[in-house]
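As a plain string of letters, each chain reads:
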Protein chains: 2
Amino acid sequence: MGKDVTVAVGLGERAYDILIGPGLIARAGAEISSRLPGIRTAIITDENVAPFHLEALKAGFEAAGIASSVVILPAGEKTKSFAALQEVVDAILAARLERGDAVIALGGGVIGDLAGFAAGIVRRGMSLIQMPTSLLAQVDSSVGGKTGINSARGKNLIGVFHQPKLVLADTAVLDTLPAREFRAGYAEIAKYGLIDQPDFFAWLEKNWQEVFSGGAARIEAIAQSCRAKADVVARDEFETSDRALLNLGHTFGHALEAAVAYDGARLVHGEGVAIGMALAHRFSVRMNLASPDDAERVEAHLKAVGLPWRMADIPGKLPDADALLAFITQDKKVSRGALTFILTQGVGQSFVARDVPPSQVLAFLKENHPG
Amino acid sequence: MGKDVTVAVGLGERAYDILIGPGLIARAGAEISSRLPGIRTAIITDENVAPFHLEALKAGFEAAGIASSVVILPAGEKTKSFAALQEVVDAILAARLERGDAVIALGGGVIGDLAGFAAGIVRRGMSLIQMPTSLLAQVDSSVGGKTGINSARGKNLIGVFHQPKLVLADTAVLDTLPAREFRAGYAEIAKYGLIDQPDFFAWLEKNWQEVFSGGAARIEAIAQSCRAKADVVARDEFETSDRALLNLGHTFGHALEAAVAYDGARLVHGEGVAIGMALAHRFSVRMNLASPDDAERVEAHLKAVGLPWRMADIPGKLPDADALLAFITQDKKVSRGALTFILTQGVGQSFVARDVPPSQVLAFLKENHPG
Ligand SMILES: NC(=O)c1ccc[n+]([C@@H]2O[C@H](COP(=O)([O-])OP(=O)(O)OC[C@H]3O[C@@H](n4cnc5c(N)ncnc54)[C@H](O)[C@@H]3O)[C@@H](O)[C@H]2O)c1
Ligand SMILES: NC(=O)c1ccc[n+]([C@@H]2O[C@H](COP(=O)([O-])OP(=O)(O)OC[C@H]3O[C@@H](n4cnc5c(N)ncnc54)[C@H](O)[C@@H]3O)[C@@H](O)[C@H]2O)c1
Ligand SMILES: [Zn+2]
Ligand SMILES: [Zn+2]
């Protein structure tokens, strides 16, 4: 029975709490029935998460008298599709849930994005409870209300903003998460430090081992990340301005993910972000914005935790620099010719640069390309 | 070149104008480029509307320098499906439209609901311009931001609230609308009078012929309907309370539509609403809420304009009263046993009744069933 940390997301009428602590899956029934009495639910989860964690959740629901039906989907990014969306929507309607009833997203970011989208469109918006089970989902995707699926024309192009009523992040379930997925999620934690919290980054440099092993530092790192994300989301719920800072490392990262055709065996999202953050710092040094010490410090930390930090760390051959630039210019964060990047003046001093010349990016990619 | 009437929808940050007048399709390019300069578009329409009105729209767009791509879908309710949604979404993405670009819904309520939903989910919300071409769409579905598609489990169960940036209602295009569809849309106009505008209903009783023939009274009737709907929507954008009044005639109407399995040859939506409104008044008389004179007045007007007004006017055999009640209790507007109906104390004096005993409804249906 851990003492949970609560982070409040200040969105006025749409405000909600994030509870963070061990054992929350088993306690979810009690938490939900005290906050949303009389609610009925549909639990959406995937084939990797269900065998480990579904029974505990259902047992707690039964004890609390919460009715639930369950949909178990294949794991992986392919599940963020129109076909899976329709399946989830049908299941929710088949269970005859009403607007005030809740969709429960039990899984990583894939399940959170998909089930969140379904909750956003059934009866034009039902209640949603995020129960993130991957580290990435706990520190990033479950907070902020972005939901959606992929299109053949690009990732995350279809969706809605739909805030949850509650986020329950059980920090103990991370023990069943594959180590590689844990590290990938950790990249997003480090990101919050690098954006605008140099002290948090320094704290991570000291305490990362306990974050990985699962002590109090893990809860604290997740809570601090949720606070950082909640803060940005409260300032810019619909992603029209400030929220762009959260894309630190993501412009390079997305290009690399696209370059390996989203082959998770070669590169998962958080790994792309890790390399992207290192490149963003190096690129900032090249643009005379940051000092080489900053870039080295970032690279050293990523290396220490076992994350890839340069393009050469990606197994297999990469497309050449011109092709990588083409992936960057196709990315959403391009507006009329000039490139938008999140650059930095040093650890914890990132900013949005809206006028980066593509020629500079290309030269930089050539210099850093593994060949 | 008619003088347009403008109705403002007061939704704060999401406020927009409805322009109503003849020839607006040809003038749309000019109206849009002056209000939303630099915008690119995808026009969504159907196979009945395109042959009559697409060329004029495109010519005006070209003259105004507005780029557009076009999707033409089969006409009819079946088009409000996941498959058609995916087709529209793909076409919008294929045209590489960005968040600020616009989806143009050129058609009746089916196209408006479908294209509006697509605009609501591509890139988590793009601009939307409603160009309603049916009378029902001009006075009802194009205003207020409800969008969506049907599920095998019920109509309009999947969708989002997504307000348009502009509504352009060309009153001249109604001349190509089949007469039966015009009458069906007229039922929704009469509805606004019956909800809370006795003077408007009296005005319709005098002027309906000019509304049908297309003079200034048509523009005025449409404008007054839009004002009425805009007013309700501004008070209750997300349909949590007042907006329920707009369902006058719809509880009985939906049950009848379901009872004929949505066979438009037997009953289209507006006809169901006409019968439903007459029944709501008769039922109110039976409940000692309204006087028989009120019910007779409503029936006489519906009869005068050529609308059906009693169950016996539906061709073919209807399910019995018990089956009709079952359709009503399946309807969305049921909450935990008691039935919610829009009832009335007389012409223009409707109210939400949340505690209608199903036994009374059943008895009433038996009395009025054609057998
Ligand atoms: N909505 C947002 O704001 C946002 C932000 C960032 C990322 N995302 C999205 O999130 C997705 C990535 O999230 P992810 O990394 O969690 O991916 P994921 O959901 O695919 O989870 C990663 C893998 O871990 C498994 N898993 C999850 N929890 C587990 C547990 N406790 N035990 C064992 N296995 C477990 C999953 O089955 C999967 O195989 C992407 O689709 C991305 O676009 C969304
Ligand atoms: N979103 C809302 O708030 C709301 C409100 C009411 C109704 N609706 C929806 O609207 C739909 C009904 O709308 P509708 O009655 O316009 O149906 P519709 O779109 O099917 O149009 C009726 C018929 O008229 C044709 N048509 C339309 N304009 C024409 C024109 N100018 N010339 C020739 N033919 C034309 C169409 O092709 C169709 O065959 C239903 O799906 C209903 O659920 C939505
Ligand atoms: Zn990320
Ligand atoms: Zn209607």
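Values in this document were obtained by computation on a predicted structure and should not be read as measured data.

Each helix and strand counted, chain A has 13 helices and 12 strands in total. Here the C-alpha atoms of chain A give a radius of gyration of 20 Å, agreeing with the 21 Å that 2.2 N^0.38 yields for 371 residues. Summarising its shape, the C-alpha atoms of chain A cover approximately 60 × 40 × 40 Å along the three principal directions. Considering chain A as a whole, with its 371 residues, one finds that 58% of them fall into the buried category. At a minimum sequence separation of 6, the contacts of chain A that also span at least 24 residues come to 73%. Surface exposure of chain A reaches about 13,900 Å², of which carbon and sulfur atoms provide 51%. Averaging the locations of the 37 positively and 42 negatively charged side chains of chain A gives two centres separated by 3 Å.

Attention shifts here to the interface of chain B and chain A. Across the boundary between the two partners, chain B contributes 31 residues, which contact 30 residues of chain A. Here chain B packs against chain A, burying approximately 2,700 Å² in sum over the two surfaces, 53% of which is carbon and sulfur. One can count zero salt bridges joining chain B with chain A. Across the chain B-chain A interface, the total number found is 10 residue pairs in polar contact (both at pLDDT 80 or more). Elements with a minimum of two residues in the side of chain B that touches chain A: α3 (82-94), α4 (109-121) and β8 (154-158) of chain B. Considering every element that reaches the side of chain B that touches chain A, the biggest residue donor is α3 of chain B, with seven residues.

Attention now goes to the pairing of strand β4 (residues 68-73) of chain A. One face of the sheet, then the other: side chains in a regular strand alternate in exactly this way. Residues and elements named next belong to chain A. Relative to β4, strand β3 (residues 41-46) is paired through six bridges, and the arrangement is parallel. Looking across to β4, one finds that T41 is bridged to S68. Assessed by its sense of winding, the connection that carries the chain from β3 through helix α2 (residues 49-63) to β4 is right-handed.

Right, let's get into the packing of aromatic side chains. Residues and elements named next belong to chain A. Taken as a whole and judged by the stated rule, the model has 21 aromatic pairs over all chains. For the ring pair F200 and W203, a centre distance of 6.0 Å and an interplane angle of 20° mean the geometry is stacked. Here F200 pairs with W203, and both are found in helix α7 (residues 198-213), just three residues apart, close to one helical turn. A cation over a ring is seen here: K191 above Y192, with NZ or CZ 5.4 Å from the ring centre.

What follows concerns the sheet that holds β3 of chain A. All names here are of chain A. On the basis of which strands lie adjacent, the open sheet formed by seven strands has the order β1-β2-β9-β6-β5-β3-β4 and mixed pairing. Single-partner strands in this sheet number two, and they are β1 (5-9) and β4. Between one strand axis and the next, the sheet turns by 15° as a mean value, whatever way the strands run. The pairing of β3 with strand β5 (residues 102-107) spans five bridges and is parallel.

Turning our attention to the relation of the copies chain B and chain A. When chain B is fitted onto chain A, the two copies agree to an RMSD of 0.0 Å after a turn of 180° and an axial shift of 0.0 Å. Such a combination of rotation and displacement between the chain copies is what one expects of a two-fold axis. Residue by residue, 97% of the interface of chain B is reproduced at the interface of chain A, so both copies engage with the same surface.

What follows covers the coordination of the zinc ion (ligand 3). Residue and element names in this part refer to chain A. Here the zinc ion (ligand 3) is held by the protein donor atoms E188 (OE), H250 (NE2) and H269 (NE2), which lie 2.0 to 2.1 Å from it. Between consecutive donor residues of the zinc ion (ligand 3), the sequence gaps follow E-x61-H-x18-H. One end of the pair, E188, is in helix α6 (residues 179-196); the other, H250, is in helix α9 (residues 250-259), with 62 residues separating them in the sequence. Taken as a pair, E188 and H250 share a single burial class, namely buried.

Let us look at the coordination of the zinc ion (ligand 4). Bound to the zinc ion (ligand 4) are the protein donor atoms E188 of chain B (OE), H250 of chain B (NE2) and H269 of chain B (NE2), situated 2.0 to 2.2 Å from the metal. The class for H269 of chain B is partly exposed, based on a relative accessible area of 22%.

As a further point, take helix α4 (residues 109-121) of chain A. Residue and element names in this part refer to chain A. Its 13 residues place the ends of α4 18 Å apart at the C-alpha level, agreeing with the 18 Å of an ideal helix rising 1.5 Å per residue. Counted residue by residue, α4 has 13 buried out of 13 residues, so it is predominantly covered. Within two residues after α4, R123 carries a phi angle of roughly 50°, on the positive side.

What follows is about the UniProt feature "binding site: Zn(2+)" (unreviewed entry) in chain A. All names here are of chain A. Look at the UniProt record and you will see "binding site: Zn(2+)" (unreviewed entry) annotated at E188, H250 and H269. For the annotated residues, spread through 82 residues, the largest C-alpha to C-alpha distance comes to 10.2 Å, consistent with a single compact locus. Filtering out sequence-adjacent residues up to four positions away, H250 remains in contact with E188, K191, H269 and V273. Of the polar contacts made by the side chain of H250, one reaches the backbone oxygen of L248; its length is 3.0 Å. Following the sequence through the fold, H269 ends up in helix α10 (residues 269-286). In this structure H269 touches L136, E188, H250, H254 and E257, once residues within four positions along its chain are discounted.

Moving on, we get to the domain arrangement of chain A. All names here are of chain A. Here chain A is partitioned into domain 1 (5-176) and domain 2 (182-368). Domain 1 and domain 2 are separated by 27 Å when their C-alpha centres are compared. With 28 residues of domain 1 at the contact, the number on the domain 2 side is 26 residues. Summed over both sides, the interface between domain 1 and domain 2 buries roughly 2,400 Å², with carbon and sulfur atoms accounting for 67% of that surface. Taken together, domain 1 and domain 2 are joined by six salt bridges. Across the pair K155 and E257 runs a salt bridge, and its minimum N-O distance is 4.0 Å. Across the domain 1-domain 2 interface, the total number found is nine residue pairs in polar contact (both at pLDDT 80 or more). Of all the secondary structure elements, the ones that give two or more residues to the side of domain 1 that touches domain 2 are β1, β2 (16-21), α5 (135-141) and β8 (154-158). The element that contributes the greatest number of residues to the side of domain 1 that touches domain 2 is α5, accounting for six residues. Residue classes in the side of domain 1 that touches domain 2 are distributed as 15 nonpolar, eight polar and five charged.

Right, let's talk about the side chain of K229 of chain A for a bit. The residue K229 of chain A is located in helix α8 (residues 216-235) in this model. Non-local contacts of K229 of chain A, meaning those with residues more than four positions away in its chain, are made with V139, D140, S141, V143, Y192, R243 and L246 of chain A.

Reading the values: rules and limits
- Residues numbered from 1 in each chain as written.
- Chains lettered and ligands numbered in written order.
- Predicted model: local features only at pLDDT ≥ 70, side-chain atom pairs only at ≥ 80, totals over all residues.
- Heavy atoms only, no water.
- Helix = DSSP H or I, 4+ residues; strand = E, 2+ residues; numbered from the N terminus.
- Rg over C-alpha atoms; globule rule 2.2 N^0.38 Å.
- Buried < 20%, exposed > 50% of the residue type's maximum accessible area, 1.4 Å probe, protein only.
- Contact = heavy atoms within 4.5 Å.
- Areas by Shrake-Rupley, 256 points an atom, 1.4 Å probe, with all protein chains shown as cover.
- Lys, Arg positive; Asp, Glu negative; His and termini not counted.
- Charge placed at Lys NZ, Arg CZ, Asp CG, Glu CD.
- Buried area = accessible area lost by both parts, 1.4 Å probe.
- Salt bridge = Lys/Arg side-chain N within 4 Å of Asp/Glu carboxyl O.
- Polar contact = N/O pair within 3.5 Å; in protein donor to acceptor, adjacent residues only side chain to side chain.
- Pairing = 2+ DSSP bridges.
- Right-handed = clockwise from strand over helix to strand, strands pointing away.
- Phe/Tyr/Trp six-rings, centres within 6.5 Å; stacked < 30°, edge-to-face > 60°.
- Lys NZ or Arg CZ within 6 Å of the ring centre and 35° of its normal.
- Axes fitted to C-alpha atoms, helices over the stretch in contact; angles between N-to-C directions.
- Least-squares fit on C-alpha atoms with pLDDT ≥ 70 in both.
- Donors = N, O, S within 2.8 Å, 3.2 Å for Na, K, Ca; no water.
- Expected span 1.5 Å × (residues − 1).
- UniProt positions renumbered as here; feature names shortened; annotations may be inferred.
- Domains from an automatic or database assignment.
- Nonpolar A, V, L, I, M, F, W, Y, C, P; charged D, E, K, R; others polar.

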